[in-house]
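Fold and contact review
In case you want the letters, here they are:
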Amino acid sequence: MAGFLRVFLMLALALGLSGCAGKFRTYDGPEVTRILVFKEERRMYLMHHDTVLRDFDIGLGFEPVGHKQRRGDGRTPEGDYFIDRRNPNSQFHLSIGISYPEPHEKMAASEAGVDPGGDIFIHGRPPEYRDGTRDWTAGCIAVTDREMEDIYAMVKNGTRISIYPRKPVPVTMSAMSGPVAAPR
């Protein structure tokens, strides 16, 4: 009986660990040197210098036009930031943090007498938002859970992210086709 219990516990542990490992992928391709986001097009690009490694359809804040000014406005910030944290236990599957608000944004909000907001992330999409609603976040950037697993593996803390209202013309990004090396 003790042998059966030991085998049962070992199998349960193995299954439990394999379930946890499912959302954490590895990536050994070119470094993501920058993330570009074009809000109007609802596109995000993971770049290695001038080469697109991956691109994604995205969802934004529930009021996507314009730069984030204050907490609760539903806007996704615009400007240059960096990835400053990771949350493997996010309520939105996985998430990586964006350094909004920067000091100049905090100052502008203070002068306007408002809270600039914060906790802006790139994250997955929970079941209640998988109904096709595109822009539903409080100001974050949303992708599918599977895509977030790839992004989480590919993007390191400190990576620069630039969020623009729209794509400039002409765009000088090469290799606009598929992944160079997909995460496993």
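What you see as residue numbers is a count from 1 along each chain, following the sequence as written. In keeping with the model being predicted, local features are shown solely for residues with a pLDDT of at least 70 and side-chain atom pairs are shown and tallied solely at 80 or more, while totals for entire chains, interfaces and linings include all residues. Side-chain descriptors were evaluated using all non-hydrogen atoms of the structure, hydrogens and water having been removed beforehand.

1. Considerations on the sheet that holds strand β2 (residues 43-48)
In a beta sheet, neighbouring strands pair by backbone hydrogen bonds and run either parallel or antiparallel. Pairing between two strands requires that DSSP report at least two bridges joining them. Helix and strand assignments follow DSSP, with helices taken as H or I runs no shorter than four residues and strands as E runs no shorter than two, numbered in order from the N terminus. Strand order in the open sheet made by the eight strands is β3-β2-β1-β8-β4-β5-β6-β7, with mixed pairing throughout. At either end of the open sheet lies a strand with only one pairing partner, and these are β3 (51-57) and β7 (141-142). Sheet analysis places strand β1 (residues 34-38) next to strand β8 (residues 160-164), joined by five bridges and oriented parallel. Looking across to β8, one finds that F38 is bridged to Y164.

2. Brief notes about the pairing of β8
The pairing of strand β4 (residues 79-87) with β8 spans four bridges and is classified as antiparallel. Across the sheet, residue F82 finds its bridge partner in β8, namely R160.

3. Quick word on helix α3 (residues 145-154)
α3 sits mainly inside the fold: eight of its 10 residues count as buried. For α3, the complete set of buried residues consists of D145, M148, E149, D150, I151, Y152, A153 and M154. Contact definition: two residues touch when any of their heavy atoms are within 4.5 Å. In this fold, the buried residues of α3 make contact with β2, β3, β4, β5 (95-98) and β6 (120-123). Only protein chains enter the calculation, and the probe is 1.4 Å; a residue is then buried if its accessible area is under 20% of its type maximum, exposed if over 50%, and partly exposed in between.

4. Examining the pattern of salt bridges
For salt bridges, the criterion is a side-chain nitrogen of Lys or Arg within 4 Å of an Asp or Glu carboxyl oxygen. One pass over the structure, following the stated rule, counts 15 salt bridges. The residue E40 makes a salt bridge to R166 at a minimum N-O spacing of 3.5 Å. Separated by 126 residues along the polypeptide, E40 in the loop between β1 and β2 and R166 in the segment after β8 bring together distant segments of the chain.

5. A few points about the confidence of the model for the chain
Caution applies to low-pLDDT regions: their predicted coordinates should not be interpreted in detail. In the predicted model, the chain carries a mean pLDDT of 85, and 79% of its residues have values of at least 70. Segment residues 11-20 is flagged for pLDDT under 50; beyond a separation of four residues in sequence, or across chains, it makes zero contacts in the model. Note on residues 174-179: pLDDT under 50 across the span, and 12 contacts to partners over four residues away in sequence or across chains. Confidence of the predictor at the level of single residues is given by pLDDT, which spans 0 to 100.

6. A look at the side chain of R42
Note that R42 resides in the loop between β1 and β2. Only 3.3 Å separates the side chain of R42 from the backbone oxygen of E40, close enough to count as a polar contact. Apart from residues no more than four positions distant in its own chain, R42 is found in contact with F56, D57, I58, L60, P64, R134 and D135. Each polar contact in these results corresponds to two N or O atoms within 3.5 Å; when the atoms are within protein, one needs to be able to donate a hydrogen and the other to accept it, and residues that are neighboring in sequence are counted only if both atoms are side-chain atoms.

7. Topic: the layout of surface pockets
The method works on a 1 Å grid over the protein atoms by themselves. A cavity is a set of points holding a 1.4 Å probe that cannot get out, a pocket is an open set with protein on both sides within 12 Å along at least five of seven lines, and residues with an atom within 4 Å of a point line them. Grid points are joined across faces, edges and corners, and a volume is the space filled by probe spheres set on the points. There is about 280 Å³ of room inside the largest pocket. Lining the largest pocket are 21 residues, and of these F92, G118, D119, A138 and C140 lie nearest its centre. Of all the elements, β6 adds the most residues to the lining of the largest pocket, at three residues.

8. Some points on the packing of aromatic side chains
Stacked, edge-to-face and tilted are the three classes for Phe, Tyr and Trp ring pairs, Trp counted by its six-membered ring, which pair at centre distances within 6.5 Å; planes under 30 degrees apart are stacked, over 60 edge-to-face, the rest tilted. Scanning the model with the defined rule gives five aromatic pairs in all. Measuring from ring centre to ring centre gives 5.6 Å for F38 and Y164, while their planes differ by 15°; the resulting arrangement is stacked. Here F38 is found in strand β1, whereas its partner Y164 is found in strand β8, with 126 residues between them in sequence. Using a relative accessible area of 4% as the deciding quantity, one classes F38 as buried. Of the residues examined, Y164 reaches a relative accessible area of 29% and is grouped as partly exposed. The rings of F38, Y45 and Y164 are connected pair by pair, giving a single aromatic cluster. Remark: a charge is flagged as sitting over a ring if the NZ atom of Lys or the CZ atom of Arg is within 6 Å of the ring centre and within 35 degrees of the ring normal. One Lys or Arg, R86, reaches over the ring of Y152 and ends 4.3 Å from the middle of that ring.

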